[in-house]
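# Analysis of the macromolecular model
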Amino acid sequence: MRRFLPSLPLSIAVLVLWLLLVSDFGPGQLVLGLVLAVALPLFADMLKPERAHIGRVLVALRLCGIVFVDIVRSNIEVARLILGPESAITPGFVQVPLDLGNIHGTTVLASIITLTPGTVSAELSDDRRHLLVHCFNLKDADDVIDTIKTRYEAALKEIFP
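Notes on the structure in this doc start here. (Residues numbered from 1 in each chain as written. Predicted model: local features only at pLDDT ≥ 70, side-chain atom pairs only at ≥ 80, totals over all residues. Heavy atoms only, no water.)

### Comments concerning the sheet that holds strand β3 (residues 130–135)
Spatial ordering of the open sheet is given by β1-β3-β2, a layout of three strands whose pairing is antiparallel. Each edge of the open sheet is held by one strand with a lone partner, namely β1 (92–97) and β2 (119–124). Within the sheet, the average angular offset between the axes of one strand and its neighbour, ignoring direction, is 30°. Two strands pair when backbone bridges link them, and β1 and β3 are joined in this way by six bridges, in the antiparallel orientation. Counterpart to P97 in the pairing with β3 is H130. On the sheet, helix α4 (residues 103–115) packs against β2 and β3 and is oriented at approximately 145° with respect to β2. Along the sheet, helix α5 (residues 141–159) makes contact with β1 and β3, crossing β1 at roughly 45°. (Pairing = 2+ DSSP bridges. Helix = DSSP H or I, 4+ residues; strand = E, 2+ residues; numbered from the N terminus. Axes fitted to C-alpha atoms, helices over the stretch in contact; angles between N-to-C directions. Contact = heavy atoms within 4.5 Å.)

So, in C-alpha cells, the structure goes:
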C-alpha cells in the first residue's frame, strides 16, 4: 500500500482540493480526482532526494536555545549599530567552509544564519562545501567562521548524521 500511496493524507488532500476547485462532484470529476490523488503523491515522492533523519533530539533542543539567545543578542547589536554612526558599520562577505554532508543540516544552518539579524546566507556552492554569508558588520572573518562552525555546524553534524 505504501508503494501505491506514499502519503495517504496528501492523496486525500489532492482529491478534496480537486473537487473543491472544479466545484463538480460528478463521477467524471471524482475519477479524475482519484487519478490525480494517486499520481501526484507518487511523482512528489520521486522528487525527494534524501529523507531527513534526526540523530540526537537533546542536541537539537540545546541548539534551539542557542539560536534563540543569538537572535536576541543580534537584534540588540544590529539596533545599536543602526542607531549609531553609519561609519561604524563595515558590511562584508565570508566564505564558510562546510563539513556538513547532509543537505538537511546544511539547509538548517543556512536558515539559522538568515534568521539571525545581521547575517544572511547568500549562496551555497555547487559542491555544497562552502556557504557564502553576508554580514551586516564584519570585523573579523575568521571569528565569524569559527562562531558558525562551533555554535551551529558542530551541533547540526550530531543532529543530522
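### Concerning a negative patch on the surface
A contiguous patch of negative charge on the surface is contributed by D140, D142, D143 and D146. Relative to the helices and strands, D143 resides in helix α5. A relative accessible area of 44% places D143 in the partly exposed class. (Patch = residues over 30% accessible without salt bridge, like charges linked within 9 Å, V, L, I, M, F, W, Y side chains within 5 Å. Areas by Shrake-Rupley, 256 points an atom, 1.4 Å probe, with all protein chains shown as cover. Salt bridge = Lys/Arg side-chain N within 4 Å of Asp/Glu carboxyl O. Lys, Arg positive; Asp, Glu negative; His and termini not counted. Charge placed at Lys NZ, Arg CZ, Asp CG, Glu CD. Buried < 20%, exposed > 50% of the residue type's maximum accessible area, 1.4 Å probe, protein only.)

### Things to note about the packing of α4 against α5
Taken N-terminus to C-terminus, the directions of α4 and α5 make an angle of 145°; their axes are 9 Å apart at the nearest point. Where α4 crosses over α5, the handedness of that crossing is right-handed. Note on element contacts: α5 touches α4 through I148, Y152, E153 and L156, opposite G105, V108, L109, I112 and I113. Within the contact of α4 with α5, the residues separate by chemical class into seven nonpolar, one polar and one charged. (Left-handed = near helix turned anticlockwise from the far one by under 90°. Nonpolar A, V, L, I, M, F, W, Y, C, P; charged D, E, K, R; others polar.)

### Focus: the environment of N137
Topologically, N137 is positioned in the loop between β3 and α5. The sequence separation of N137 and G92 amounts to 45 residues, and the corresponding C-alpha distance is 7.1 Å. The residues contacting N137, other than those within four sequence positions of it, are L81, A88, I89, T90 and P91. Here T90 takes part through its backbone nitrogen, which lies 2.9 Å from a polar atom of the side chain of N137. (Polar contact = N/O pair within 3.5 Å; in protein donor to acceptor, adjacent residues only side chain to side chain.)

### Describing the packing of helix α1 (residues 8–22) against helix α2 (residues 27–46)
Angle between the axes and distance between the axes are the two parameters that describe a pair of packed helices. Look at α1 against α2: their axes get within 8 Å of each other, and the N-to-C directions meet at 140°. Between α1 and α2, the crossing angle belongs to the class labelled oblique. Every pair of crossing elements has a handedness; the one defined by α1 and α2 is right-handed. When α1 is examined against α2, the residues L10, S11, V14, L15, W18, L19 and V22 are found in contact with a partner set consisting of Q29, L30, L32, G33, L34, L36, A37, L40 and P41. (Parallel < 35°, antiparallel > 145°, perpendicular 65-115°, else oblique.)

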